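Here is what each chain is made of, one letter per residue.
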Amino acid sequence: MSRRIWAIAFNTFKEAVRDRILYNLVFFALLLVASAPLLGEISIGVQRVLLINLSLSAISIFGIVISIFVGISLVSKEIERRTLYPVLSRQVGRGEFIIGKYCGLAGTLLVNTAAMTAGFYVELLLMTRSFTRADANILIAIYFLFLQFIVIIGLALLFSSFSSPLLSALFALSMFVAGTFAVDLRAFATMAHGPEGWLARAASYVVPNLASLNVITRVSHDQLIAAGLVGYNTLYTFVYAAAAASGAVLIFSRRDLK
Amino acid sequence: MLAVEILGLEKVYATGFWRKKPKVGLKSLHLEIPEREVFGFLGPNGAGKTTTLKLLMGLISPTAGTARILNQPWRDPAVRSRIGFLPEQPYFYDYLTPVELLDYYGVLSGVSLADRRLRIPKLLERVGLAEQGRTQLRKFSKGMLQRVGIAQAVLHEPEVVFLDEPMSGLDPVGRREVRDFIHSLNAEGKTVFFSTHILADAEALCHRVAVLNKGELRGVGVVADLVAKNRSRFEIVWQGPSTVPAMRIFGNEPQVAGETARAIVKENELQAALAVLKSQSAQLISVNPVGGSLEEYFLQKLGESAEVPR
């Protein structure tokens with residue numbers, strides 16, 4: 001990573017920290033504390049399933065909200081406040097700026113997710129008194145959630161490169177919802193014929209396959225995740241994010257800053 | 001060598017949502033600015049000054065034309081390390097301190113760590129912010145932000161500095177300090193290209209000025225010549241209103257207040273006017289040159305149709 005991209009990424013991370021984005025961790029901690037009495041009422045096996053579902057869903061929701069709402073403002077806020085002018089008047093390419101911003105928010109979410117993961121494992125240890133091999137499997141589900149965030153940041157950046165923050169949020173949220181049902185969309189595409197079939201097939205390729213990146217239920221029931229799926233999802237995310245970022249760079253490079 | 005060479009830069013904005021209407025931001029602009037010059041870009045609000053600077057900084061794309069900075073194409077990334085830019089009413093990352101902000105911009109400009117450590121404290125001292133180096137920018141006044149803006153524009157020791165309304169929003173002391181700073185930059189051998197609508201600043205600082213209005217270049221001139229050229233009229237004050245009818249031959253109607261009369265005459269008519277007063281036995285009180293300010297040239301150019309000198 002070039003020094004300039006690294007500097008922009010680090011500055012983005014610093015902004016998130018100083019603008020108290022990571023305060024969501026406090027809410028996450030409160031959620032875990034508040035759920036403890038509730039979980040105490042039920043048997044230990046069910047307790048574990050509930051804790052995994054509750055914690056990973058919270059990690060997912062916090063992460064998606066940050067990805068969309070911070071993602072859409074990454075570029076638009078800089079344009080609106082004109083903080084971008086002293087940056088782009090230097091030898092900083094617009095592509096470098098977009099990539100730096102992308103990496104900065106991804107780094108913020110990595111720290112955020114890691115902190116919530118640590119909190120979750122502490123709670124799990126308090127509940128079960130010891131870790132089992134299946135508990136390590138949960139890390140894969142969390143890794144997949146992080147891949148989801150990477151995809152959503154890419155989409156938020158892409159949309160914000162050509163539309164208003166409100167529309168960008170709406171588009172990104174719609175893609176997230178559609179992506180959650182990507183499997184159903186693909187099933188529909190195989191069944192539909194004619195123009196609907198073509199349309200559904202095209203949409204199924206454009207919409208991110210977030211369903212494949214959600215294995216929370218499987219890990220909560222101790223089902224193993226195949227190494228092949230980890231590799232496939234990593235590659236898929238890399239390609240999808242690269243395509244979204246390329247689109248954002250392409251559009252942003254031609255844009256006049258007013 | 002030319003520091004800046006603008007070759008027909010033009011910008012037309014498309015406004016409206018459905019049916020786009022063209023709006024001219026800048027009509028074909030030609031300008032040449034030699035190295036080591038302080039060049040003032042004058043014009044009322046909406047004249048096209050900021051559009052020109054944004055075009056030169058690569059923040060917007062031209063509809064037509066090109067430019068060269070320090071003999072290189074203006075969009076060449078190599079040029080960027082040799083120029084500095086202060087945007088109009090700058091706003092910086094308010095969660096950073098001046099030291100952090102300058103360090104960030106230093107990295108982006110390719111300044112080494114050793115140089116950043118050396119230059120940042122000196123620069124903050126120079127713009128009068130040595131004691132606020134570790135205070136978050138969200139606590140800064142507009143004038144302090146302007147100083148930070150100037151510091152970031154020269155941090156990487158550029159050869160050409162572009163300043164968009166550098167005195168805007170400053171109090172008289174702040175304006176004086178920025179003036180002194182621009183003088184010192186020029187004394188160091190830097191070319192300064194700055195836009196302003198405050199004519200006194202341009203008159204005090206610039207070697208040459210260009211007047212822009214409604215996106216059109218109206219004139220370019222050497223400040224000293226323009227001021228001297230306009231200093232070609234004289235105000236005569238005398239006692240004896242009975243001489244007024246005789247003085248009307250010089251064009252303007254003399255103004256009378258009690259026993260005192262006042263008239264403005266051209267330089268080539270001064271001796272004749274004085275002779276008339278002497279022949280009428282009027283008592284001469286004073287003869288003073290009038291006008292001669294850049295303001296007159298500016299107002300004259302705003303009223304004229306476009307011309308395109310370099």
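What you see is a predicted model; the values in this text were computed from it and never measured.

Caption draft 1: Here's a closer look at the overall build of chain B. A tally of regular secondary structure across chain B gives 11 helices and 14 strands. Relative to a compact globule of 310 residues, whose C-alpha radius of gyration would be 19 Å, chain B shows 24 Å and is clearly more extended. By principal-axis analysis of the C-alpha atoms, chain B measures approximately 80 × 50 × 40 Å. Expressed as a percentage of the 310 residues in chain B, the buried residues total 51%.

Caption draft 2: Geometry of the pattern of salt bridges. Counted according to the given criterion, the structure contains 27 salt bridges over all chains. Linking R175 of chain B and D201 of chain B is a salt bridge whose minimum nitrogen-to-oxygen distance equals 3.1 Å. Taken as a pair, R175 of chain B in helix 6 (residues 172-187) and D201 of chain B in helix 7 (residues 199-205) lie far apart in primary sequence, 26 residues in all. Between E188 of chain B and K190 of chain B there is a salt bridge; the shortest N-O distance is 4.0 Å. Given the relative accessible area of 44%, E188 of chain B is considered partly exposed. Through salt bridges with shared partners, a single ionic network connects E15, D19, K77, E78 and K101 of chain A together with D94 and R138 of chain B.

Caption draft 3: Local environment of the packing of aromatic side chains. Per the stated rule, a full pass over the model turns up 16 aromatic pairs over all chains. Ring geometry for Y143 of chain A versus F144 of chain A: centroids 6.1 Å apart, planes at 45 degrees, classification tilted. Among the residues examined, Y143 of chain A registers a relative accessible area of 31% and is labelled partly exposed. According to the relative accessible area criterion, F144 of chain A is buried, its value standing at 0%. With centroids separated by 5.5 Å and ring planes inclined at 45 degrees, the aromatic side chains of F162 of chain B and F193 of chain B adopt a geometry described as tilted. Residue F162 of chain B is located in strand 7 (residues 160-164), and its partner F193 of chain B is located in strand 8 (residues 191-196); the two are separated by 31 residues in the primary sequence. In this pair, the class of F162 of chain B matches that of F193 of chain B, namely buried.

Caption draft 4: How the structure looks around the interface of chain A and chain B. At the interface, 26 residues of chain A touch 33 residues of chain B. Between chain A and chain B lies a buried interface of about 2,800 Å² when both sides are counted; carbon and sulfur atoms form 51% of it. Between chain A and chain B we count 4 salt bridges in total. In this structure, the salt-bridge partner of D19 of chain A is R138 of chain B, at a minimum N-O distance of 3.4 Å. Within the residue set of the side of chain A that touches chain B, elements represented by two or more residues are helix 1 (3-18) and helix 4 (85-88) of chain A. Ranked by residues supplied to the side of chain A that touches chain B, first place goes to helix 1 of chain A with 8 residues. Partitioning the side of chain A that touches chain B into residue classes produces 8 nonpolar, 4 polar and 14 charged.

Caption draft 5: Spotlight on the confidence of the model for chain A. Counting all residues, the mean pLDDT for chain A is 90, and 97% of those residues have values of 70 or more. Ranking the helices and strands of chain A by mean pLDDT puts helix 11 (residues 227-253) of chain A first, with 96, and helix 2 (residues 24-39) of chain A last, with 75.

Caption draft 6: Main features of the pairing of strand 11 (residues 233-239) of chain B. Residue and element names in this part refer to chain B. With 5 of 7 residues buried, strand 11 lies mostly within the body of the structure. Note: strand 11 against strand 13 (residues 260-266), 7 bridges, orientation antiparallel. Opposite F234, over in strand 13, you have V265 as the bridge partner. As paired elements, strand 11 and strand 14 (residues 283-290) share 7 bridges and run antiparallel to each other. Its bridge partner being in strand 14, E235 is matched across the sheet by N288.

Caption draft 7: Here's a closer look at the packing of helix 3 (residues 98-108) of chain B against helix 4 (residues 113-126) of chain B. All names here are of chain B. Two elements in contact, helix 3 and helix 4, have axes separated by 10 Å at closest approach and are oriented at 130 degrees. Here helix 3 is positioned oblique relative to helix 4, judged by the angle of their axes. Pair helix 3 / helix 4 crosses with right-handed handedness. For the pair helix 3 and helix 4, contact is made by P98, V99, L102, D103, G106 and V107 and by R116, I120 and L124, respectively.

Caption draft 8: Structural view of helix 4 of chain B. Here helix 4 of chain B contains 14 residues, and its C-alpha end-to-end distance of 20 Å stays within 8% of the 20 Å for a straight helix at 1.5 Å per residue. The largest bend in helix 4 of chain B comes to about 25 degrees, at R119 of chain B, with the proline P121 of chain B one to four residues further on. All buried positions along helix 4 of chain B are accounted for by R116, R119, I120, L123 and L124 of chain B. Its buried side turned inward, helix 4 of chain B meets helix 1 of chain A together with helix 3 and helix 5 (142-154) of chain B. Phi for G128 of chain B, located one or two positions after helix 4 of chain B, is positive at around 75 degrees.

Caption draft 9: Local environment of unusual backbone geometry. You will see that R82 of chain A, though not glycine, has its phi angle at about 60 degrees, which is positive. The topology assignment puts R82 of chain A in the loop between helix 3 (44-80) and helix 4. For R82 of chain A, a relative accessible area of 27% gives the class partly exposed. Look at Q89 of chain B: it is not a glycine, yet its phi comes out positive at around 40 degrees. Locating Q89 of chain B in the fold gives a position in the loop between strand 6 (83-86) and helix 3. Since its relative accessible area comes to 39%, Q89 of chain B is described here as partly exposed.

Caption draft 10: The environment of A182 of chain A, seen in detail. Residue and element names in this part refer to chain A. Locating A182 in the fold gives a position in helix 8 (residues 182-191). The class of A182 is buried, set by a relative accessible area of 1%. Along the backbone, A182 and A200 are 18 residues apart, and their C-alpha atoms lie at a distance of 11 Å. Not counting the four nearest positions on each side in its chain, A182 is found in contact with P208, N209, L210 and A211.

The rules we used
- Residues numbered from 1 in each chain as written.
- Chains lettered and ligands numbered in written order.
- Predicted model: local features only at pLDDT ≥ 70, side-chain atom pairs only at ≥ 80, totals over all residues.
- Heavy atoms only, no water.
- Helix = DSSP H or I, 4+ residues; strand = E, 2+ residues; numbered from the N terminus.
- Rg over C-alpha atoms; globule rule 2.2 N^0.38 Å.
- Buried < 20%, exposed > 50% of the residue type's maximum accessible area, 1.4 Å probe, protein only.
- Salt bridge = Lys/Arg side-chain N within 4 Å of Asp/Glu carboxyl O.
- Phe/Tyr/Trp six-rings, centres within 6.5 Å; stacked < 30°, edge-to-face > 60°.
- Contact = heavy atoms within 4.5 Å.
- Buried area = accessible area lost by both parts, 1.4 Å probe.
- Nonpolar A, V, L, I, M, F, W, Y, C, P; charged D, E, K, R; others polar.
- pLDDT = per-residue confidence, 0-100.
- Pairing = 2+ DSSP bridges.
- Axes fitted to C-alpha atoms, helices over the stretch in contact; angles between N-to-C directions.
- Parallel < 35°, antiparallel > 145°, perpendicular 65-115°, else oblique.
- Left-handed = near helix turned anticlockwise from the far one by under 90°.
- Expected span 1.5 Å × (residues − 1).
- Bend = angle between axes of the 7 residues up to and from the residue.

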